[in-house]
Amino acid sequence: MIKAFAGLFLILFGMCMPGYADIGFDRLTCEYKENPLGIATHRPRFSWVMTSGESGQSQSGYELMVAYSLRDLRKGKGEVWSTGKVHSSQSVHLAYDGKPLQSFTRYYWRVRVYDQDGKASAWSAPQWFETAALSFGDWTAEWISDGSPQFENDEDFYKEDPMPLFRKTFRVGRKIQSARLYVSGMGYYEAYLNGQKVSDHMLDPGWTTYSERVLYVVHDITSLLNSGVNTAGFMVGNGWYNPLPLRFWGARNWRDFLTTGRPCVKAMIRLTYSDGTTEVIGTDQTWQTTPGPVIRNNIYLGEIYDARNEVENWASANPGGNWKNAVITRGPEGVLQAQMQPPVRVTKILQAQRIREVKPGVYLVDMGQNFAGVVRLRVQGPAGTEIVLRYGEDTLKNGQLNVMTSVAGQIKGGNGGPGAPQIAWQEDRYILKGSGTEIWCPRFTFHGFRYVEVSGWPGKPAPGEIVGLRMNSDLQEASAFTSSNAMLNQLDEVIRRTFLSNVFSVQSDCPAREKLAYPGDIFCSAGAFMYQFRMPSFYTKTINDMVDARRPLGGITETAPYVGIKDGSPGDDSGPLGYQAGFPFLVKKMYEYYGDQRVIEENYPHMQRLLEFLRSRATNHLFDKEDLGDHESLDERGIPLMASVFYALHAQLLAEFATILDKSADAEEYTALHEKIRTAIVNKFYRPATGEFEEGTQTAQIVALWAGMPRGTAEEKKTVQAMIKAFRERDWHLSTGIFGTKMMFDVLRERDLNEMAYRIANQRDFPGWGHMLANGATTLWETWRYSDNTYSQNHPMFGSVAEWFYRSLLGINPAAPGFKKIIIKPQPAGDLEYASGHFNSIYGRIGSDWKITGKAFEISVEIPVNTTAEIWIPDDYGNQLTGSEKETRRINGYIVVDVGSGKHHFATHR
């Protein structure tokens, strides 16, 4: 601790010494992560966020070095890679270009930069990254199982099927330098060493298309090892690898489309001794196995745990139970890849807000808010006592639990297939062992709920004995927003809660009834997610999921991983056009928000193949029925127009990507294709007399404007007026579905129509977000209309409005990839008196804080080092500007000022 403090003092002191640039470092990452334990790329990328007490600071050069040891790095020996001084402003995604990296190796790195005057900063604090298995041959382990045969009849899957435990004893006789565990358990696992769980992760590894890619996790287990005898153990659950043969909507069985098998595990413990030698203990037939206390577990229906079946000391020395040798099994065929997205963790503990007895011996626990996760029990009682927990988002009029909005796959009338329950609600069961205080929570499932119905409890449950464990992929918050409008502030909180309920390694549509990743939903909400949370590693996995699930002809599936849903498909079991567009659109967002060009390079061939597939299915450059249209719209969904517009979007995005990659011939081809599609759309759907597209619905006008369909200024104005007319006819209430709602805020922002946007967003009655909140919503509903029987009450797709908070109200927008250049253009509207917040870009914190005082408008902004910004200040409150920078120009009712990094304050008055 003293050495670390001394090192930090020297770094800070060095920054203040004469001759050093006034630039420090806030966040240094390798492949988007700080000090990543296991990466599996040969050319990792480095990024650094800089800070300074001076304004107008930028980087004119950098020097980065990578070494094998911390000692060599501090001595200035970059024997692995040393860039020397490079004249460049690049501070994100600097790709490694040194000696070939070796597997299972820790490397140390640091960077210093040169300011705009050529002065060098002090060196950054040392950072590190550690490689995992860089090639398949680095694995010295086998997939193992307990040898149990798979069930043949569907009804047998619903019988007791104890989860297997695995263990291995090994000896450590020399001094250990480091120890790592590399493990993948299908479908989920928990890892133990000497009786202790090795990490706080839950539901590892993340769900993928197992035939293509299987994730493994790296754990540092050095501190858990003993000198002498050690015992490693795994509990393995079904997860998505061994799902039940439930018939979703009475028809679709996930087992027909997913790679499935019996629970199995592949792992290796790699010991590095102080003398430099290594030893690997891999899973093989010498490991032992026995049934565990989890006697049933399923992602949807829940978990049954019989504590009487617990095996004493199972992951420690001298275990109880009857053990046999494990069996080497085939396992999934996908390539093993290190897991890079944030792990699922318990991120919040919720106390019960109310517990009441709704029937004799039946209690209803209200957690106060809808969320995703499980509950944890603390209970005492006789052995054999069975506690039953049922979960729901709502209550019935009589005050009892309503499970119906969270029933898996609408299985409500015995339509779930042989052996399935009549109603597929979420339920966990715990059977007491009768030994003092027992603490338990499910391990291999998660639920979406606010209420828990408890029956079988010995006595009456008390507050603190049942708590909610909120779980989600542990995303870092990227922003904050507040305003003078309390409803919008509440909505921001509700959206964040909804988003966190739907990130369990995939971005799901809801955490209970489906749990699936729909690219169409991601299309609508990715921008909002990216403003609220750090999403690059999560969305990199999402893009990989879409690629892994693509169809033989190149089409993208309606869900990824693919479970057989193919509504409005143009063929080849691919998804509707709007959902397929989620793939290239998310690639664009990764470039726009994080400056990630590699994601374009890696996926460009897949996007080309996708476009060629769509081109082969189009008729006269149009589509007709190959879409879902504006899903959950209150108007006609406009399927032919939207399908064709999404086809045009594919061509437009490919043209943009080709330009970025300097593929000029491709860019010309795709630009020409886009123009042909646009012309065909206008010729078929546009009504010159009225400016309407198709039937002139809100969505039709918005989609046409968002996609740039009108040919010129006159046509665009007519289309805008037709859009305004469509909203006026509904008294400024929206009727849009998920796509139209997302696009609406873009269209209105780009045309300075935020008064209209605010009026729509601020509605308090049906339909709108205010209506949801007024009716008790703590997470967003799947539909504008309240549902107590069918639709989820925890669904992210209408959360696109959160993007409006940042892009329109705060005015924070990227003007160059990754926010290298920023536009701050707040659009005050309605009765708003102030809005304040920030967004942490890959370059650093961007702040926007404005208020209206009397007849003056004041704004304070914060711009990161190594970026520039345009500040657009509305002149509605006066055209006299005061501030540290001089006015540069006036554009359409705004005073525009160019600034560099730092904190700036401006005011306008008359």
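Scroll up a little and you will see the structure.
Residues numbered from 1 in each chain as written. Predicted model: local features only at pLDDT ≥ 70, side-chain atom pairs only at ≥ 80, totals over all residues. Heavy atoms only, no water.

*Asks:* Can you help me understand the nonpolar core in this one?
*Replies:* What tends to happen in soluble globular proteins is that the nonpolar side chains get buried as a cluster. Ranked by internal contacts, the top residues of the largest apolar core, which has 243 residues, are W240, F523, Y539, M723, W769, W804 and F805. Per-element accounting of this core gives the leading share, 14 residues, to helix α9 (residues 639-660). When near neighbours in sequence (up to four residues on either side) are disregarded, Y539 contacts Q507, I522, A526, F529, M530, L586 and M590. Counting residues in hydrophobic clusters, the runner-up holds 27 residues, among them I176, L181, L271 and Y273. (Core = buried A, V, L, I, M, F, W, Y, C linked by side-chain atoms within 4.5 Å. Buried < 20%, exposed > 50% of the residue type's maximum accessible area, 1.4 Å probe, protein only. Helix = DSSP H or I, 4+ residues; strand = E, 2+ residues; numbered from the N terminus. Contact = heavy atoms within 4.5 Å.)

*Asks:* Can you walk me through the sheet that holds strand β14 (residues 228-237) in this structure?
*Replies:* Hydrogen bonds between backbone atoms are what pair the strands of a sheet, whose relative direction is either parallel or antiparallel. Strand order in this open sheet of 6 strands is β12-β11-β14-β9-β19-β22, and the pairing throughout is antiparallel. The sheet terminates laterally at β12 (196-197) and β22 (324-325), the two strands that pair on one side only. Relative to β22, strand β19 (residues 288-291) runs antiparallel, the two sharing 2 bridges. Counted as the bridge partner of T289 is K324 from β22. (Pairing = 2+ DSSP bridges.)

*Asks:* Looking at this structure, I do not really get helix α10 (residues 664-685). What am I missing?
*Replies:* Residues separated by three or four positions in an α-helix point in the same direction, a consequence of the helix having 3.6 residues per turn. Its 22 residues place the ends of α10 31 Å apart at the C-alpha level, agreeing with the 32 Å of an ideal helix rising 1.5 Å per residue. Buried residues of α10: D666, A667, Y670, L673, H674, I677, R678, A680, I681, V682 and F685, and no others. In this structure, the buried side of α10 is in contact with α8 (598-617), α9, β36 (686-687) and β37 (692-693). (Expected span 1.5 Å × (residues − 1).)

*Asks:* Help me understand the environment of D627 in this model?
*Replies:* Assignment of secondary structure puts D627 in the loop between α8 and α9. Taking the C-alpha atoms as reference points, D627 and S569, 58 residues apart in sequence, are found 6.7 Å from one another. In contact with D627, not counting residues within four places along its chain, are G568, P576, L577, G578, I639, M642, A643 and F646.

*Asks:* What is the right way to look at the packing of α9 against helix α11 (residues 698-706) in this model?
*Replies:* For any two helices packed against each other, one specifies the crossing angle of their axes together with the interaxial distance. Viewed as axis vectors pointing N to C, α9 and α11 meet at an angle of 15°, and their least axial separation amounts to 11 Å. Accordingly, the angle class assigned to the pair α9 and α11 is roughly parallel. Every pair of crossing elements has a handedness; the one defined by α9 and α11 is left-handed. Between α9, through L641, M642, V645 and L649, and α11, the contact on the second element is made entirely by T699, A700, V703 and W706. Taken together, the residues of the contact of α9 with α11 sort by class into 7 nonpolar, 1 polar and no charged. (Axes fitted to C-alpha atoms, helices over the stretch in contact; angles between N-to-C directions. Parallel < 35°, antiparallel > 145°, perpendicular 65-115°, else oblique. Left-handed = near helix turned anticlockwise from the far one by under 90°. Nonpolar A, V, L, I, M, F, W, Y, C, P; charged D, E, K, R; others polar.)

*Asks:* Sorry, what's going on with the side chain of K742 here?
*Replies:* Topologically, K742 is positioned in helix α13 (residues 738-750). When its relative accessible area of 3% is taken as the criterion, K742 is described as buried. Here the side chain of K742 touches D746 through a polar contact of 2.7 Å, side chain to side chain. Beyond its immediate chain neighbours, meaning those up to four positions away, K742 contacts F523, C524, F585, S800 and E803. (Polar contact = N/O pair within 3.5 Å; in protein donor to acceptor, adjacent residues only side chain to side chain.)

*Asks:* Before we go on, may I ask you to explain unusual backbone geometry in this structure?
*Replies:* Generally, phi is negative for residues other than glycine and the peptide bonds are trans, each holding for most cases. Here the amide bond leading from M186 into G187 is cis, since omega sits at -5°, within 30 degrees of zero. Looking at the secondary structure, you find G187 in the loop between β10 (176-186) and β11 (188-193). Residue P205 is reached from D204 by a cis peptide bond, and omega for that bond is -10°. For P205, the location among the structural elements is in the loop between β12 and β13 (213-220). Of note in the backbone geometry, F104 takes a positive phi value of approximately 55° without being a glycine. Of note, F104 is situated in the loop between β5 (94-95) and β6 (106-115). In this structure F104 comes out as buried when scored by relative accessible area, which is 16%. Phi angles above zero are rare outside glycine, and N892 is one such case at about 45°. In this structure, N892 sits in the loop between β45 (889-891) and β46 (894-899).

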